[in-house]
Amino acid sequence: MEQLVGAHHHHHHHQSQHSLSPRTPRTPTRPHPLLQHPLSLSNRFRDHQIHHPPRILRFTPPFFLLLLVAVYLLASVTIFSAPTPSLRLRSSSPKPLLLPMPAPPAPRFFDLDSGRIRVRLTNVGAAVTSLLVPDKNGVLGDVVLGFDSLDPYLNGTSPYFGCIVGRVANRIKDGKFSLNGMQHNLSINNPPNTLHGGFKGFDKVIWEVAEHTKGDNPSITFKYYSKDGEEGYPGDISVTARYSLLPSTALKLDMEAVPLNKATPISLAQHTYWNLAGHNSGDVLAHSIQIWGSQITPVDQTSIPTGEFMPVHGTPFDFLTGSKIGSRIDQVPGGYDHNYVLDNSEVRLGLRHVAKVTDPLSSRVLDIWADAPGVQFYTGNFLEGVMGKGGAIYGKHSGFCLETQGFPNAVNQPNFPSIIVHPGEQYRHTMLFEFSTE
């Protein structure tokens, strides 16, 4: 599911005014006799020492007093001009003490290689940018759409290629929902709705790299801290996405999120566009697909579910037994972009068999397993002349997406499975992408 998006630019204007009021001049006072100039004291001493020798002691105390005053003033200047930490802390300066902020992570590529499957990822959107798997003759081919440069991922021109979308995947009607009696207004980046988290969803932020392991069981873990109010969503949440390569020529993705202080909707999705014949091989209409979902959630004119459940039997949405993607796509205005209710009884390691896709040219097969309640089947309907890797041009239907997810607009549909997660609870979503040939 894809939508051209814009970017928000926030301009912060900082103004500071400092007013210095001149000191009020003091009224001049007559000097104390003891603080008169030393020269006059020495003259008086000289004039009277012959005639009155005992009077010498009368003029000694002022001399020592002057010395004490001089020492005191010198010490005061030294102490109060010293840049001691304690004096800085007591300063009445309007500027608060700021601890140095850690530098944001740099955007870059990362590689995972198991010897059977090679994956390239980026911490921009925790995205898969390249995935090489063998065909029936053992020839490696890149089966995901993407870019050679990080620029499209960074500047918002990527149509959600390979990324993780959130805080809530898919659409929220009118960009609004109520939770605990409070209405929340979200960014409207897909008028009249919110799509994939807003203008700057999880796909457009730079994630931290918590770990990157090479060797026999390569993996990488991306981490992101989403703040309260981000794109209108309530509460701070900590998110992790761990990609790992398994011995069975499979890529596993474990997504987790923990709300730290407020209840909030959370529904993440992995948005890779697949083309099992190779990313630069044209459209995917000849791929055969089987989706284990006997119902879809039909949508209105703005792609928001009506709240109903529609059986797929006897409709162009029926892929229960497997058929070509393009066999009935002309009966679906615009192409497929629909949520299937997953109800396969075949479960392995807690994951339900979601779909199986086969490319007749390369004989590559992709099996997807997951523990989410739904999957968005999307056929790249909005792709048009996108310049991809190696100069490839991605046109309409150049890739397909199978985005396991919570149901679209679930936050406004009481009869859909809830996507609200409370503090003390943990959101978990696991996907398994298995590759083979037949």
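Above this text you will find the structure in question.
Here's a quick rundown of the structure. (Residues numbered from 1 in each chain as written. Predicted model: local features only at pLDDT ≥ 70, side-chain atom pairs only at ≥ 80, totals over all residues. Heavy atoms only, no water.)

1. Section: the nonpolar core
In terms of nonpolar packing, the biggest core is built from 59 residues, with L131, W207, Y243, F377 and L402 touching the most fellow members. Leaving out residues up to four positions away in the same chain, L131 has contacts with I117, R118, V119, G141, D142, V143, V144, L251, W274 and F435. (Core = buried A, V, L, I, M, F, W, Y, C linked by side-chain atoms within 4.5 Å. Buried < 20%, exposed > 50% of the residue type's maximum accessible area, 1.4 Å probe, protein only. Contact = heavy atoms within 4.5 Å.)

2. With respect to the pattern of salt bridges
Enumeration according to the criterion identifies nine salt bridges in this entry. Here E211 and R242 are joined by a salt bridge, their closest N and O atoms 3.8 Å apart. With a gap of 31 residues between them, E211 in strand β10 (residues 208–213) and R242 in strand β12 (residues 237–246) connect regions that are remote in the sequence. With a relative accessible area of 22%, E211 lands in the partly exposed category. (Salt bridge = Lys/Arg side-chain N within 4 Å of Asp/Glu carboxyl O. Helix = DSSP H or I, 4+ residues; strand = E, 2+ residues; numbered from the N terminus.)

3. Here's the deal with the layout of surface pockets
Of the pockets and cavities examined, the second largest pocket occupies roughly 280 Å³. Lining the second largest pocket are 19 residues, with S303, P333, G335, D337 and F382 sitting closest to its centre. Here the lining of the second largest pocket is composed, by residue class, of six nonpolar, ten polar and three charged. (1 Å grid on protein atoms, 1.4 Å probe; cavity = no way out; pocket = protein on both sides within 12 Å on 5 of 7 lines; lining within 4 Å. Points joined across faces, edges and corners; volume = space filled by probe spheres on them. Nonpolar A, V, L, I, M, F, W, Y, C, P; charged D, E, K, R; others polar.)

4. Thoughts on the sheet that holds strand β4 (residues 140–142)
Pairing is antiparallel across the open sheet formed by four strands, whose spatial order is β1-β2-β3-β4. Taken across any chain shown, the strands that pair with only one partner, and hence form the sheet edges, are β1 (109–113) and β4. Strand-to-strand twist of the sheet, defined as the mean angle between neighbouring strand axes without regard to direction, takes the value 20°. Two elements, β1 and strand β2 (residues 118–122), share five bridges in a ladder whose sense is antiparallel. Across the sheet, the residue bridging to D113 is R118, located in β2. (Pairing = 2+ DSSP bridges. Axes fitted to C-alpha atoms, helices over the stretch in contact; angles between N-to-C directions.)

5. Quick word on the sheet that holds strand β17 (residues 293–296)
Either a parallel or an antiparallel arrangement is found when strands of a sheet pair, and the pairing is made through backbone hydrogen bonds. Reading across the sheet, the five strands line up as β18-β17-β20-β24-β27 and stay open at both edges, with antiparallel pairing between neighbours. Unpaired on one side and paired on the other, β18 (310–311) and β27 (401–405) mark the two borders of the sheet. The pairing of β17 with β18 spans two bridges and is antiparallel. Residue pairing for β18: I296 is matched across the bridge by M310.

6. Notes on the packing of aromatic side chains
Scanning all chains against the criterion turns up 21 aromatic pairs. Each ring, one from F147 and one from Y153, has its centre 5.5 Å from the other, and the planes form 80°; the classification is edge-to-face. When sorted by exposure, F147 lands in the same class as Y153, which is buried. Three or more aromatic residues joined by ring pairs form one cluster here, namely F147, Y153, F161, Y273, Y378, F382 and Y394. Across from the ring centre of F109, 5.2 Å away, lies the NZ or CZ of R120, which sits over that ring. Seen from the ring of F319, R328 lies directly overhead, with NZ or CZ sitting 5.1 Å from the centre. (Phe/Tyr/Trp six-rings, centres within 6.5 Å; stacked < 30°, edge-to-face > 60°. Lys NZ or Arg CZ within 6 Å of the ring centre and 35° of its normal.)

7. Thoughts on the state of the cysteines
Evaluated as defined, the whole model comprises zero disulfides. Not part of a disulfide, C163 finds its nearest cysteine sulfur in C401, a span of 9.1 Å. Its relative accessible area of 3% is what places C163 among the buried residues. (Disulfide = S-S within 2.5 Å.)

8. Description of the pairing of strand β13 (residues 250–259)
Of all the ten residues making up β13, seven are buried; the element is thus mostly covered by neighbouring parts of the structure. Pairing geometry for β12 and β13, over ten bridges, is antiparallel. Residue pairing across strands places S244 opposite K252, the latter belonging to β13. In sequence, β12 turns back onto β13 through a hairpin of three residues, with T249 there showing a positive phi of about 50°. Of the strand pairs in this sheet, β13 and strand β29 (residues 427–437) are connected by eight bridges, and their pairing is antiparallel. Bridged to K252 within β29 is L432.

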